[in-house]
Amino acid sequence: MSVITTLQLLGLAGLLSYGTARLVAKTGLIGYSRYTLVAVPVTGMPKMPRGYRVENMSFDQLGDLPINVRKEEQERWFAQGMKCLVAFNSKDECVGANWVGPGPFDEIMVHLRFAVPEAAAWDTGLWIPPEHRLGRGFSALWAGTADWLHAHGRQWSMSWIADYNLPSLLSHKRMQSQVVGHIMIFRLGRWQFMAQGRPRLVRIDRGARPLMQLSLPA
């Protein structure tokens, strides 16, 4: 993909965000992140590909499956009401997993809590092992996510994506995703500032997380 095409797709803000994030990461003391908030309608999600299935699995059922989330993180996500949807192919091989739930959801990457509308769910941590990324695991996971949303009376899946993560932005766009906002976060030592959250300035080792109340497309 040419530089011009990438610039057209990401926009100048996305490229500047990528460069800034890389620069401040080297300092260790300062942190910077900028994310795009997206909503994917159930109607844009794919159908289950033949030979695949998705199961809603508990902590105990996950066992030794090759999930990319550590056990302690799994427990934390389950405790927040998240569900782990695991995709299997016709050989009963685990080809990926996605985490979805009604929220609110406390993010660990930054000091922040996401709250979603009743018609939506929050999804985080979609993952496919490298050896299965050329298969239909992605389609299977999203088809399983659509089934879960239908079963719980929800019409949208919401998530956040680093605004320079072009592959993820494009894959969501193919499912008719809509951008519903952006988040810009600065961290200096133990202090975090986020213009969109409430409260805006917090000390990350004390007190409640700022709340980010998400809204669906108009």
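Above this note sits the structure.
What counts as what
- Residues numbered from 1 in each chain as written.
- Predicted model: local features only at pLDDT ≥ 70, side-chain atom pairs only at ≥ 80, totals over all residues.
- Heavy atoms only, no water.
- Pairing = 2+ DSSP bridges.
- Helix = DSSP H or I, 4+ residues; strand = E, 2+ residues; numbered from the N terminus.
- 1 Å grid on protein atoms, 1.4 Å probe; cavity = no way out; pocket = protein on both sides within 12 Å on 5 of 7 lines; lining within 4 Å.
- Points joined across faces, edges and corners; volume = space filled by probe spheres on them.
- Nonpolar A, V, L, I, M, F, W, Y, C, P; charged D, E, K, R; others polar.
- Axes fitted to C-alpha atoms, helices over the stretch in contact; angles between N-to-C directions.
- Contact = heavy atoms within 4.5 Å.

Q: Can you walk me through the pairing of strand β6 (residues 112-115) in this structure?
A: On a regular strand, each side chain points to the face opposite its neighbour's, so the side chains alternate between the two faces of the sheet. In this sheet, β6 lies alongside strand β5 (residues 105-107) in antiparallel orientation, the contact comprising three bridges. The partner of F105 across the bridge, within β6, is F114. Hairpin remark: β5 followed by β6, antiparallel, with four residues in the connecting loop. Two elements, β6 and strand β12 (residues 211-213), share three bridges in a ladder whose sense is parallel. When the sheet's bridge partners are listed, A115 is paired in β12 with Q213.

Q: Looking at this model, I keep getting lost on the layout of surface pockets. Mind explaining?
A: One simple way to see leftover space: roll a probe sized like a water molecule over the atoms. Taken as a whole, the largest pocket holds about 690 Å³ of empty space. Taken together, 27 residues form the lining of the largest pocket, with G125, L126, N165, S168 and H172 sitting closest to its centre. Put simply, the parts of the chain that give the lining of the largest pocket at least two residues each are α3 (71-79), β5, β7 (120-127), α4 (137-151), β8 (156-162) and α5 (166-173). Among the elements that line the lining of the largest pocket, the one with the most residues is β7, at six residues. Grouping the amino acids of the lining of the largest pocket by side-chain chemistry returns 16 nonpolar, seven polar and four charged.

Q: What exactly am I supposed to notice about the sheet that holds β7 here?
A: Working definition: the strands of a sheet are paired by backbone hydrogen bonds and lie parallel or antiparallel to each other. Across the sheet, nine strands lie side by side as β2-β3-β4-β7-β8-β1-β9-β10-β11; this open sheet has mixed pairing. Bordering the open sheet on either side are β2 (53-57) and β11 (201-203), each of which pairs with just one other strand. Pairwise comparison of adjacent strand axes, ignoring direction, gives a mean angle of 30 degrees for this sheet. Here strand β1 (residues 30-41) pairs with strand β9 (residues 178-188) via 10 bridges, running antiparallel. Residue pairing for β9: S33 is matched across the bridge by I185. In the packing of α5 onto the sheet, the strands contacted are β1 and β8, and the crossing angle to β8 comes to about 160 degrees.

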